[in-house]
Amino acid sequence: MWKNSSASWVAEQALSLLERYPLCDSCLGRCFAKLGYGHLNSERGRSIKLSLILEIDRKIKEHQLPDLEGIREVLFNMGGAGESLFSHYFGKGFQRRACYLCNDVLAQVKEDFVAKALSILRTSPMRYVLGVRLSPRMQELETNFAVGNGLMYYESMKAEIRREVGKKLSQLGFEPDMDNPEGELVYDLDTRSVEVIRKNQKVLYLYTRLSRGVPISSWYSRGGDSLDREIGNKIIIPFTEPSDVRILEPYPLIIEDYHEERKEVMGYSLVKVSSLGKSEFNLLVENKPLSRTYRVIFYSTEKKGHEIYDGIQDMLVEARNFDELMEKIKEMNVEIISVDLIRTEGKHRRIRALLTKTE
Ligand SMILES: [Zn+2]
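Computed from a predicted model, the values in this text were never measured in an experiment.

Moving on, we get to the nonpolar core. The tendency in soluble globular proteins is for nonpolar side chains to be buried as a group. The biggest cluster of nonpolar side chains holds 57 residues, and the ones touching the most others in it are Leu23, Phe113, Phe145 and Leu185. In contact with Phe113, not counting residues within four places along its chain, are Leu130, Gly131, Val132, Ile161, Val165, Leu185, Tyr187 and Val194. Listed in part, the 30 residues of the second largest apolar core include Ile216, Leu253, Tyr294 and Phe322.

Attention now moves to helix 6 (residues 106-123). Spanning 18 residues, helix 6 covers 26 Å between terminal C-alpha atoms, matching the ideal 26 Å at 1.5 Å per step. Buried within helix 6 are the following residues: Leu106, Val109, Lys110, Asp112, Phe113, Val114, Ala117, Leu118, Ile120 and Leu121.

Here we come to the coordination of the zinc ion. Surrounding the zinc ion are the protein donor atoms Cys24 (SG), Cys27 (SG), Cys99 (SG) and Cys102 (SG), which sit 2.3 Å from the metal. Each donor residue of the zinc ion lies on one chain, and together they are spaced C-x2-C-x71-C-x2-C. In this pair, Cys24 is assigned in the loop between helix 1 (9-18) and helix 2 (25-30) and Cys102 in the loop between helix 5 (80-90) and helix 6, connecting sequence segments 78 residues apart. For Cys24, a relative accessible area of 17% puts it in the buried group.

For the rest of this paragraph, the subject is the environment of Met326. Position of Met326 among the secondary structure elements: in helix 11 (residues 322-332). According to the relative accessible area criterion, Met326 is partly exposed, its value standing at 28%.

Relative to each other, helix 4 (residues 69-78) and helix 5 sit at 145°, their axes nearing to 6 Å. Along its contact with helix 4, which presents Arg72, Leu75, Phe76 and Met78, the element helix 5 presents Gly80, Ala81, Gly82, Leu85, Phe86 and Phe90. Within the contact of helix 4 with helix 5, the residues separate by chemical class into seven nonpolar, two polar and one charged.

What follows deals with the sheet that holds strand 2 (residues 183-188). Sheet architecture is open: three strands sit in the order 1-2-3, paired in mixed fashion. Two strands close off the open sheet at either side, each with one partner strand: strand 1 (128-133) and strand 3 (193-198). Neighbour to neighbour, the strand axes of the sheet diverge by 25° on average, direction disregarded. Two elements, strand 2 and strand 3, share six bridges in a ladder whose sense is antiparallel. In the strand pairing of strand 3, Tyr187 is matched with Val194. Along the sheet, helix 6 contacts strand 1, strand 2 and strand 3; its crossing angle with strand 2, the most-contacted strand, is approximately 145°.

For the structure on display, the rule yields 16 aromatic pairs. Look at Phe239 and Tyr251: their rings are 4.9 Å apart centre to centre, the planes differ by 80°, and that puts the pair in the edge-to-face class. With Phe239 in the loop between strand 5 (235-236) and strand 6 (245-256) and Tyr251 in strand 6, this residue pair connects regions lying 12 residues apart in the sequence. A single burial state applies to Phe239 and to Tyr251, both of which are buried.

To continue, consider the environment of Arg209. For Arg209, the position within the fold is in strand 4 (residues 202-209). Taking the C-alpha atoms as reference, Arg209 lies 9.7 Å from Glu264; in sequence the two are 55 residues apart. Once residues within four sequence positions are removed from consideration, Arg209 is found in contact with Val214, Ile216, Thr240, Glu241, Pro242, Ser243, Val245, Arg246, Ile247, Gly267 and Tyr268. From its side chain, Arg209 meets the backbone oxygen of Val245 in a polar contact 2.8 Å long. Only 3.0 Å separates the side chain of Arg209 from the side chain of Tyr268, close enough to count as a polar contact.

Cut-offs applied
- Residues numbered from 1 in each chain as written.
- Predicted model: local features only at pLDDT ≥ 70, side-chain atom pairs only at ≥ 80, totals over all residues.
- Heavy atoms only, no water.
- Core = buried A, V, L, I, M, F, W, Y, C linked by side-chain atoms within 4.5 Å.
- Buried < 20%, exposed > 50% of the residue type's maximum accessible area, 1.4 Å probe, protein only.
- Contact = heavy atoms within 4.5 Å.
- Helix = DSSP H or I, 4+ residues; strand = E, 2+ residues; numbered from the N terminus.
- Expected span 1.5 Å × (residues − 1).
- Donors = N, O, S within 2.8 Å, 3.2 Å for Na, K, Ca; no water.
- Axes fitted to C-alpha atoms, helices over the stretch in contact; angles between N-to-C directions.
- Nonpolar A, V, L, I, M, F, W, Y, C, P; charged D, E, K, R; others polar.
- Pairing = 2+ DSSP bridges.
- Phe/Tyr/Trp six-rings, centres within 6.5 Å; stacked < 30°, edge-to-face > 60°.
- Polar contact = N/O pair within 3.5 Å; in protein donor to acceptor, adjacent residues only side chain to side chain.

Here it is, written out as structure tokens:
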């Protein structure tokens, strides 16, 4: 259609798209988003459509278009922008077509995202970034469209939504913080809801350990198994016992950005309690047990504890910590078989009770 004309590359590309796809102003403009600065994609799309309409009208007036049928399709695919030229030449019968890419929801989605993000940020202010989740179907449609049409100046729908919503929120006094966000506000296009995903959120778990020899941190595992290798998230340990000691009283463990309700792994049994604020975190880390009760199973030819079987005996021993326990046992001059932690005393018990709202 533009043969022998001085039409621009952008106009040619845009026309070729509009011959095949209905596109709203934003989605057409987004195909050329990386050209020109300081404009909205909807402005880009609208002005491309207007310049095409002027050119189409000129050609009709100069009788350069023998076939007007192709023009009808292009005008339908332009949406509202094509309607008046259509009715001028063809009368009634303009077809409204939904945008091939966004199904005409983009403007509404941005408005909705702004409103929902705003209400979240007003009730719980945080340093945030924005995220967008498309359905797999929509994502695939968009990728095929951009790649299949070789659109090298294309910007993704997600990027446009993030950018424009972020700009709007900044104008309202809530500027996104790309460098150090506490959370991500993720808009889901399917459910039209905003999910808050906290970054570096500290979550308190209580664990017991019925295995021996599997440490929490891979620092101590000499290349073998460890809990943090298994979980793959950052674990903060307020206090623990050597890996050969079974832990029968629930001990606290803080895991960043981990949200499983329950986890049974390698003899560890983890139960999620709650996420931790800064002061709760500090309280937990600062308050270690003052004393611990261990059950020690040992062998001795002399009777020193409670006999289990032929010289094998057990005994409850109280100590400040495992090192002190070892000193005490050394004095007893027995052969240790195993050690379990049974119970602890100290302020941490009250903190734990407060956080779990039990006991
Ligand atoms: Zn669209």
